Amino acid sequence: MYTDKVREGLTSVDLMKTITAKFAQQWATIRKAFSDLNKDTASQGYISKSELNFYLNHWGLKLTDAQFDRVYNAFDVDGDGKISYNDFQKSLGPEIYPSETLYFRQDKPHAAYQKKCKQFQCWQPACGNGNYCSMHNRMHNDEVESFYRNLYKLCDKGKWRKFTDKVQQAASPEDNFKVVELDKFERIVKSMIGLDISDEKRDLLFNTSGRVYRGSKYINIGMIY
Ligand SMILES: [Zn+2]
């Protein structure tokens, strides 16, 4: 009896490892994994037990009820009985890159100030309040994404968590911690990851997701959480 319990306890650690690896194999980003799992409209905003169970079955993992509960509870980091995006990100954060698309402020531009795309020799109108046309937006978003992916690769698991915490502390709460002063961001990247951001990359970050506020440049860093 006792050894059964020990054995079951041990295998649930292995189970979590297996499940985490399956997630990392199947999805490139946490955001995509979360939205794919979260199909049931009755449980919008969190992953229900049946949704998690669907994927475990799909992967051919046969769990006892007790094992399943332990896995579900391990994902439910804050212990409120539901797996929210936050819980999910905290459990898988070090294993999968968090996001895939930049979060943009979609303010409507004033018609009289419709800008042209900032890209050299492009004559398309700029999208929304942004600096680029839709094609160059996508191109630069990809570049920004690969910039962040590179930062992620330069960190070990613990360091990435510390880095994003530090950025979050420097970000402004009224913007949901998604907007940070570019200079501050640059200093944090330098001090924590040891990387100098080139002028070219500064421009890329600013032109893609930046705005000026009280004379300082701010960028949107929603992509890294
Ligand atoms: Zn363009």
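The structure contained in this document is the topic of the report that follows. Here the residue index of a chain counts from 1 through its sequence in written order. Totals for whole chains, interfaces and linings use every residue, but because this is a predicted model, local features are given only for residues with pLDDT of at least 70 and side-chain atom pairs only at 80 or more, for both listing and counting.

## Points about unusual backbone geometry
- One non-glycine residue, Gln121, lies in positive phi territory at about 65°.
- With respect to the element layout, Gln121 can be found in the loop between helix H5 (85-92) and helix H6 (134-154).
- Positive phi, normally seen in glycine, also occurs at Arg214, with a value near 45°.
- Looking at where Arg214 falls in the secondary structure, it is placed in the loop between strand E4 (210-213) and strand E5 (216-220).
- Exposure is read from a count of other C-beta atoms within 10 Å of each residue's own; the residue is exposed at 12 or fewer, buried at 20 or more and partly exposed in between. C-beta atoms are placed from the backbone. With 6 C-beta atoms packed within 10 Å, Arg214 lands in the exposed category. Strands are runs of DSSP state E lasting at least two residues, helices are runs of H or I lasting at least four, and both sets are numbered from the N terminus onward.

## Considering helix H8 (residues 182-193)
- By this rule the span expected of a helix is its residue count minus one, scaled by 1.5 Å. Helix length check: H8 (twelve residues) gives 16 Å between terminal C-alpha atoms against 16 Å at 1.5 Å per residue, within 8%.
- One or two residues past the end of H8 sits Gly194, with phi positive at roughly 75°.

## A word on the pairing of E5
- Note: two strands are recorded as paired if DSSP finds a minimum of 2 bridges between them. The sheet contact formed by strand E3 (residues 179-181) and E5 spans three bridges and is antiparallel. Across the sheet, residue Glu181 finds its bridge partner in E5, namely Tyr218.
- Relative to E5, E4 runs antiparallel, the two being bridged by four bridges. Bridged to Val212 within E5 is Lys217.
- Counted along the chain from E4 to the antiparallel partner E5, the turn is two residues long, and its residue Arg214 has a positive phi close to 45°.

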